[in-house]
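Structural features, examined
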Amino acid sequence: MQRRPSRRSSNRTPRTPDTSWQKSADQYHKIVGQSGHYYHKHVILPRLLEIMNVSPNSRVLDLGCGQGILARQLPPVAEYLGIDLSKSLIEQARRGVKLQNAEFLVKDVTKPIEQPKDHFTHAVIMLALQNMEDPQPVIQNAATLLQKGGQLCIILNHPSFRIPRQSGWNIDERTKQQYRWVNRYLSPLKIPIEMNPGAYRVKTTWSFHFPLQKYVTELVTAGFVVTGLEEWASDKESVGKASRMENRARDEFPLFLCLVAEKR
Ligand SMILES: C[S@@+](CC[C@H](N)C(=O)[O-])C[C@H]1O[C@@H](n2cnc3c(N)ncnc32)[C@H](O)[C@@H]1O
């Protein structure tokens, strides 16, 4: 007797996962608001804006823009285009961003983007590339839409030290030192993150881990030259008995990685 092929074993191409933060949009907007979450405000935006050094003539592309936090903090520019897959976050951006000449689109930035080529002076992917399954088409989109000499800034949770579920803190009781453990690094990983652990309906987002060499390889393949790499530590300070040990560990291990690249 011939068996009917099961749906599971069919040859259909697997669906790309829905990586949008649509289900967590309200929660994310509450955390980020008008001026950003703690690390946007204290670590990321001050230095990112310095590196971008935009002028009133700049044309800025923001891939995975969320509720438009970058546009909420940008000085005046000639053009700003923010793109995100979450309809609700884009609605928040359209409602809350006061920047003149800002436009927002709901789109998947892993797919080709129909916008003028060689157009933007700056592109940013802030805390968003690790929520997309494959960095390659996103970096390729930035390359296609940036003008020659245009700058791309990618901000990541540091891929060498912050691998969800595969890294963390511990204390060496013998030396009384706080250390960082890392279990896995070179293998690509797809990791579910619970946004509201313990809640009745748990909301999950996806995080995708790649080693640093993957990002640099994709940049170079897309025609970028890496012009900068910065590692940003938290500015928080512990108080109390363990503060010396905790502050030292915090100062030693950066939370974020910023890659700066120029389109050649
Ligand atoms: C952690 S949030 C960061 C948002 C914003 N850049 C910020 O710093 O607040 C990650 C964003 O990536 C968006 N995203 C995930 N996959 C996407 C895709 N394929 N295309 C466009 N946006 C995507 C999510 O919807 C979410 O808004």
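Conventions adopted
Residues numbered from 1 in each chain as written. Predicted model: local features only at pLDDT ≥ 70, side-chain atom pairs only at ≥ 80, totals over all residues. Heavy atoms only, no water. Axes fitted to C-alpha atoms, helices over the stretch in contact; angles between N-to-C directions. Helix = DSSP H or I, 4+ residues; strand = E, 2+ residues; numbered from the N terminus. Parallel < 35°, antiparallel > 145°, perpendicular 65-115°, else oblique. Left-handed = near helix turned anticlockwise from the far one by under 90°. Contact = heavy atoms within 4.5 Å. Salt bridge = Lys/Arg side-chain N within 4 Å of Asp/Glu carboxyl O. Pairing = 2+ DSSP bridges. Near = heavy atom within 4 Å. Areas by Shrake-Rupley, 256 points an atom, 1.4 Å probe, with all protein chains shown as cover. Nonpolar A, V, L, I, M, F, W, Y, C, P; charged D, E, K, R; others polar. Buried < 20%, exposed > 50% of the residue type's maximum accessible area, 1.4 Å probe, protein only. Polar contact = N/O pair within 3.5 Å; in protein donor to acceptor, adjacent residues only side chain to side chain. Phe/Tyr/Trp six-rings, centres within 6.5 Å; stacked < 30°, edge-to-face > 60°.

Moving on, we come to the packing of helix H5 (residues 135-145) against helix H6 (residues 212-221). The interhelical angle for the contact between H5 and H6, taken along N-to-C directions, is 40°, at an axis separation of 9 Å. Classified by the interaxial angle, the pair formed by H5 and H6 is oblique. Handedness of the crossing formed by H5 with H6: right-handed. Note on element contacts: H6 touches H5 through Lys-214, Tyr-215, Glu-218 and Leu-219, opposite Pro-135, Gln-136 and Ile-139.

Once that is clear, we can look at the pattern of salt bridges. In this structure the tally under the stated criterion is nine salt bridges. Three or more residues are tied together by salt bridges with common partners; here these are Arg-47, Glu-50 and Glu-230.

If you walk across this open sheet you meet the seven strands as S3-S2-S1-S4-S5-S11-S10, and the pairing is mixed. Taken across any chain shown, the strands that pair with only one partner, and hence form the sheet edges, are strand S3 (102-106) and strand S10 (224-232). Each neighbouring strand pair of the sheet contributes to a mean axis angle of 15°, computed without reference to strand direction. Relative to strand S2 (residues 79-84), strand S1 (residues 59-63) is paired through five bridges, and the arrangement is parallel. Across the sheet, Asp-62 pairs through a bridge with Gly-82, a residue of S2. With respect to the sheet, H5 is in contact with S1, strand S4 (120-126), strand S5 (146-157), S10 and strand S11 (256-263), its orientation differing from that of S5 by roughly 150°.

Around the ligand, the structure places 22 residues, and the nearest of them are Thr-19, Tyr-28, Gly-64, Asp-84 and Asp-108. Contact with the protein chains removes 98% of the 590 Å² of surface that the ligand exposes when unbound. Looking at the shell around the ligand, its residues break down into 11 nonpolar, eight polar and three charged.

Moving on, we get to the side chain of His-122. Summarising the element assignment, His-122 is placed in strand S4. Taking relative accessible area as the criterion, His-122 reaches 8% and is therefore assigned buried. Among the polar contacts made by the side chain of His-122, one reaches the main-chain carbonyl oxygen of Met-52 at a distance of 2.9 Å. With residues near it in sequence (within four places) discarded, His-122 still touches Met-52, Val-54, Ser-58, Arg-59, Val-60, Leu-61, Leu-146 and Gln-151.

What follows deals with the packing of aromatic side chains. Counted under the stated rule, the structure contains seven aromatic pairs. Ring geometry for Phe-161 versus Phe-253: centroids 5.3 Å apart, planes at 80°, classification edge-to-face. In this pair, Phe-161 sits in the loop between S5 and strand S6 (167-172) while Phe-253 sits in the loop between helix H7 (243-252) and S11, placing the two residues 92 residues apart along the sequence. For Phe-161, a relative accessible area of 22% gives the class partly exposed. Phe-253 sits in the partly exposed class, given a relative accessible area of 25%. Measuring from centroid to centroid gives 5.6 Å for Trp-169 and Phe-253, while their planes differ by 75°, and the two rings are edge-to-face. Taken together, the residues span a long stretch of sequence, with Trp-169 in strand S6 and Phe-253 in the loop between H7 and S11 at a distance of 84 residues. Judged by relative accessible area, Trp-169 falls into the partly exposed class, the value being 37%. Ring pairs connect the aromatic residues Tyr-38, Tyr-39 and Phe-256, which therefore count as one cluster.

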